Amino acid sequence: MKIAFLFPGQGAQKQNMGKSFYENDADSRAVFDSVKTVTGIDACDLIFKDNDELNNTRYTQIAMVATGIAMLKAVEKTGLKADICAGLSLGEYEALYLSGAISADDAIAIVDKRGQYMSEIKGGAMSAVLSLDNDTIKSIVDNIDGCWVANYNCPGQTVISGTKEAVALAGEKLKEAGAKRVLPLKVSGAFHSGLMKEAGQKLAKVLDDIKIKDIQIPYVANVNAQIVTDKDEIKKNLIEQVSGSVHLEQSIRKMIEWGVDTFVEIGPGKTMAGFIKKIDSQVKIFNIEEYADVENVCSRILEAR
């Protein structure tokens, strides 16, 4: 058995995510409390109290990464270990923490700036393209200025991103080419598109001040779906990731090819589990979302192992 830990990205956030971990595990609680020291933002107010900021890109990214790392603190105590890991866009930072490449404080500090820089770039649009193959989508999008493929999620679901006009035009052409539906997404910006290059350039300066340590657990990079074991590749990957395509489907296939047969999604919701089922229905998929899930899921996997 080879096990992969996966972490969802922006869009999976919800009020009170991680609260059961905060209430039941001291190390998890310490992660949430550390956010205020690192960024000046009170994670408990942000996540555990009703407010509109949790869905604001400026703050969503901090909330998601803090929650994922807090959950990991509880999982680590069970003795269940990952052989490899990956995250969906923002979730890559939790994977990097798990890999040993960056500290929890550094992960939170980086995404604090990442969220800020990405939220400063206004305008743009994103749409989900359903039931059309990746090659056809890319061939159409590549011929439309201002439009890019943002996410290769799973067979039959790809996301495009760019200017409103370009995404609308691409949507028309994709439907003409056979897409079952092209659904506009409720987003605050054109994430993973060329419009985000400036945000990536700003993030590069932040990453210059971060100490990257040797990788203890391999991770699969969003930008190229390659298994990374060399710490010198990390900064380049994270800079490119802001404006580049997220190759989730290819990443999952790479891990399966590598021998992974068990995936554990750690974080709110079951977004990635849904994608994996469409990629390969034969692998085992588990979700850890609440504190009670930790003992249940980890004991089942450890017993099977």
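Heads up: the structure comes first, above all this text.
I will try to describe carefully the structure that is included in this document. Being a predicted model, the structure only gives us computed values, none of them experimental.

Some words on the sheet that holds strand 4 (residues 147–154)
The antiparallel open sheet is built from four strands, whose spatial order is 4-5-3-6. Of all strands in the sheet, those bounded by a partner on one side alone are strand 4 and strand 6 (181–184). If you compare each strand with its neighbour and ignore which way they point, the axes differ by 25 degrees on average. Bridging between strand 3 (residues 125–130) and strand 6 involves four bridges; their strand directions are antiparallel.

Looking at the side chain of T67
Of note, T67 is situated in helix 4 (residues 57–76). Exposure remark for T67: the relative accessible area of 0% places this residue in the buried category. Contacts of T67, omitting those with residues within four sequence positions, involve M17, G18, F32 and I47.

Some remarks on helix 11 (residues 248–258)
Within the sequence span of helix 11, burial applies to L248, E249, S251, I252 and M255. The buried residues of helix 11 occupy one face: seen down the axis, they fall within an arc of 165 degrees. Taken from the residues just after helix 11, G259 is the one with a positive phi, measuring 120 degrees.

Some details on the nonpolar core
Nonpolar side chains tend to gather and get buried jointly when the protein is soluble and globular. With 75 residues, the main nonpolar core has F5, I47, Y93, V264, I266 and I288 as its most contacted residues. For this core, the leading source of residues is helix 4, giving 11 residues. When sequence neighbours within four positions are dropped, the list of residues in contact with F5 reads L72, V75, L80, K81, A82, I84, C85, A86, L98, V264 and I266. Within the second largest apolar cluster, 18 residues are counted, among which are L88, M272, F275 and I279.

Brief notes about the packing of helix 6 (residues 104–119) against helix 9 (residues 197–207)
Their axes nearest at 9 Å, the elements helix 6 and helix 9 cross at an angle of 160 degrees. One element, helix 6, and the other, helix 9, form an angle in the roughly antiparallel class. Seen from above, helix 6 lies across helix 9 with right-handed handedness. On helix 9, the residues that touch I110, K113, R114, Y117 and M118 of helix 6 are A199, K202, L203, V206 and L207. Of the residues belonging to the contact of helix 6 with helix 9, the class tally is seven nonpolar, no polar and three charged.

Focus: the side chain of E92
Among the secondary structure elements, E92 is positioned in helix 5 (residues 92–99). The residues contacting E92, other than those within four sequence positions of it, are G87, Y219, V220, A221, N222, L238 and Q241.

Overview of the pattern of salt bridges
Counted by the stated rule, this structure contains 13 salt bridges. In this structure, K202 and E120 form a salt bridge, with 3.2 Å as the shortest nitrogen-oxygen distance. Linking K202 in helix 9 with E120 in the loop between helix 6 and strand 3, this pair joins segments that are 82 residues apart in sequence. In this structure, the salt-bridge partner of E240 is K236, at a minimum N-O distance of 3.0 Å. Placement of both E240 and K236 in helix 10 (residues 234–243) is noted, with a separation of four residues, approximately one turn of the helix. Linked through salt bridges whose partners overlap, the residues forming this network are D25, D27 and K77.

A short note on unusual backbone geometry
Although it is not a glycine, S89 sits at a positive phi angle of roughly 55 degrees. With respect to the element layout, S89 can be found in the loop between strand 2 (84–87) and helix 5. A positive phi angle is found at H192, which is not glycine, with a value near 55 degrees.

Cut-off values and rules
- Residues numbered from 1 in each chain as written.
- Predicted model: local features only at pLDDT ≥ 70, side-chain atom pairs only at ≥ 80, totals over all residues.
- Heavy atoms only, no water.
- Pairing = 2+ DSSP bridges.
- Helix = DSSP H or I, 4+ residues; strand = E, 2+ residues; numbered from the N terminus.
- Axes fitted to C-alpha atoms, helices over the stretch in contact; angles between N-to-C directions.
- Buried < 20%, exposed > 50% of the residue type's maximum accessible area, 1.4 Å probe, protein only.
- Contact = heavy atoms within 4.5 Å.
- Arc of directions from axis to C-beta.
- Core = buried A, V, L, I, M, F, W, Y, C linked by side-chain atoms within 4.5 Å.
- Parallel < 35°, antiparallel > 145°, perpendicular 65-115°, else oblique.
- Left-handed = near helix turned anticlockwise from the far one by under 90°.
- Nonpolar A, V, L, I, M, F, W, Y, C, P; charged D, E, K, R; others polar.
- Salt bridge = Lys/Arg side-chain N within 4 Å of Asp/Glu carboxyl O.

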